[in-house]
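Structure at a glance
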Number of protein chains: 2
Amino acid sequence: MKDFMELMATRQSCRSYDGAPVTKEEINACLDAARLAPSGCNSQPWNFVVVTNAEKRHKLSELLQCVDGNKFSENVPALIVVCEEECPRLMPAVLEKWSCKQFAQGDLGAAVVCITLRAAELGLASCIMGTFDEDEVKRLLDIPSGQTIRVVVALGHPTDGTVRPKKRKPLEEIARFVE
Amino acid sequence: MKDFMELMATRQSCRSYDGAPVTKEEINACLDAARLAPSGCNSQPWNFVVVTNAEKRHKLSELLQCVDGNKFSENVPALIVVCEEECPRLMPAVLEKWSCKQFAQGDLGAAVVCITLRAAELGLASCIMGTFDEDEVKRLLDIPSGQTIRVVVALGHPTDGTVRPKKRKPLEEIARFVE
């Protein structure tokens, strides 16, 4: 079993998949982690469209290739399209001062990283992709126009399971203490 | 050691703290998890201001009490103010079509949930608070005006460590399969 920091170190953006399928149980396990993520007023403003159908996957992959670097998505067995609800249910006292969209994008970010950490625990590879023509993806998958597609998460088996060292800013650069 | 789903189940919004301090090592361990979170183009658009100073904590807690439910923050030993950089560094090909702010809010959501999961692993309680007068918090802590404060994370020891069952939408309600 891996502790949390080992999971954090293992989770990485994988851009090379061997094409082998992931099971529905594995996909559900990842989504179940997202389901338990925290959200503003527990609004749970997320919706997931899981694409494993070969034809739809191929078309979705084409839409993901609008910038270089996403060509690998052709070979990904499961693509999870992560959608934000049009107007998440926040508490009335919060809605008095803030928009219903105040927290949703951050909430989806939390849910998505939980998907990738659970995938890492299951020995699956993942990659979070954020560049695509949103309207085209909505048309392809019949996603309501009021929703916002934030990212698409690739889930599959890596051709190479080597864990790369992480390139991150040092703690001193990102944190300040008022003691 | 807890597996990932146990951590997810243990992490919960704690609104009652015994006031006992958390160590700098514990705080750094939580921030180190955030540091390893994924972000758009690895931009790492986060900044953390950790407030443990009693006077500043008291003033920050007052600013968090703009809606009911945050009164507990008076008794929290460490408050982590989570700030988003003004314009995160994305790749030029991404910036051609999207704003520099495209992914940052989701990235911060990912970093924040990692803080709370690492805290749960360490036996600490946490709560993510999103309602406050942002300008007042910036003035109190000398946070640059171009940054956006997304949330404040409480970190401390719970008066009651009981894990509550989670109230969440069932998987069928949040996920759809295109198979």
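Computed from a prediction, not measured in an experiment: that's the story for all the values here.

**Comments concerning the confidence of the model for chain A**
This prediction gives chain A a mean pLDDT of 97; 100% of its residues lie at or above 70. This prediction of the complex comes with two scores: 0.98 for pTM and 0.98 for ipTM.

**Focus: the relation of the copies chain B and chain A**
Of the transformation superimposing chain B on chain A, the axial component is 0.0 Å and the angular component is 180°, with the fit at an RMSD of 0.0 Å. Given the turn and translation reported, the copies of this chain are related as if by a two-fold rotation axis. Comparing contact sets, 100% of the residues at the interface of chain B also lie at the interface in chain A, consistent with an isologous, same-surface contact.

**Re the side chain of Glu84 of chain A**
Residue and element names in this part refer to chain A. Along the chain, Glu84 falls in strand β2 (residues 78-84). Judged by relative accessible area, Glu84 falls into the buried class, the value being 1%. Side-chain polar atoms of Glu84 contact the side chain of Arg150, separated by 2.6 Å. Among residues more than four places away in sequence, those in contact with Glu84 are Pro45, Ala104, Gln105, Leu108, Gln147, Thr148 and Arg150.

**Digging into helix α5 (residues 104-121) of chain B**
Along an α-helix, residues three or four positions apart point the same way, because every turn accommodates 3.6 residues. Taking 1.5 Å as the rise per residue, α5 of chain B with 18 residues should run 26 Å; its terminal C-alpha atoms sit 26 Å apart, in good agreement. Immediately beyond the C-terminal end of α5 of chain B, within one or two residues, lies Gly123 of chain B, with a positive phi of roughly 80°.

**Details of the interface of chain B and chain A**
Listed by partner, the interface residues are 68 residues for chain B and 68 residues for chain A. As a salt-bridge pair, Glu85 of chain A and Lys169 of chain B come within 3.0 Å of each other at their nearest N and O atoms. For the interface between chain B and chain A, the tally reads 40 residue pairs in polar contact (both at pLDDT 80 or more). Those elements that provide at least two residues to the side of chain B that touches chain A are α1 (4-10), α2 (24-35), β1 (46-51), α4 (92-95), α5, α7 (171-174) and β5 (175-178) of chain B. Across the side of chain B that touches chain A, the residue classes tally to 36 nonpolar, 13 polar and 19 charged.

**Side note on the packing of aromatic side chains**
Each aromatic ring pair is summarised here by two numbers: the centre-to-centre distance and the angle between the ring planes. A complete count under the given rule lists three aromatic pairs over all chains for this structure. Each ring, one from Phe4 of chain A and one from Phe4 of chain B, has its centre 6.4 Å from the other, and the planes form 5°; the classification is stacked. Taken as a pair, Phe4 of chain A in helix α1 (residues 4-10) and Phe4 of chain B in helix α1 lie in two separate chains rather than in one. Of the two residues, Phe4 of chain A and Phe4 of chain B, neither departs from the other in class, the shared state being buried. Measuring from ring centre to ring centre gives 5.8 Å for Tyr17 of chain B and Phe72 of chain B, while their planes differ by 20°; the resulting arrangement is stacked. Of this pair, Tyr17 of chain B sits in the loop between α1 and α2 while Phe72 of chain B sits in the loop between α3 (54-64) and β2 (78-84), and the two are 55 residues apart along the sequence. Like Tyr17 of chain B, the residue Phe72 of chain B is buried in the burial classification. The ring of Phe177 of chain B carries Lys24 of chain A above its face, with NZ or CZ at 4.1 Å from the centroid.

What counts, and where the lines are drawn
Residues numbered from 1 in each chain as written. Chains lettered and ligands numbered in written order. Predicted model: local features only at pLDDT ≥ 70, side-chain atom pairs only at ≥ 80, totals over all residues. Heavy atoms only, no water. pLDDT = per-residue confidence, 0-100. Least-squares fit on C-alpha atoms with pLDDT ≥ 70 in both. Contact = heavy atoms within 4.5 Å. Helix = DSSP H or I, 4+ residues; strand = E, 2+ residues; numbered from the N terminus. Buried < 20%, exposed > 50% of the residue type's maximum accessible area, 1.4 Å probe, protein only. Polar contact = N/O pair within 3.5 Å; in protein donor to acceptor, adjacent residues only side chain to side chain. Expected span 1.5 Å × (residues − 1). Salt bridge = Lys/Arg side-chain N within 4 Å of Asp/Glu carboxyl O. Nonpolar A, V, L, I, M, F, W, Y, C, P; charged D, E, K, R; others polar. Phe/Tyr/Trp six-rings, centres within 6.5 Å; stacked < 30°, edge-to-face > 60°. Lys NZ or Arg CZ within 6 Å of the ring centre and 35° of its normal.

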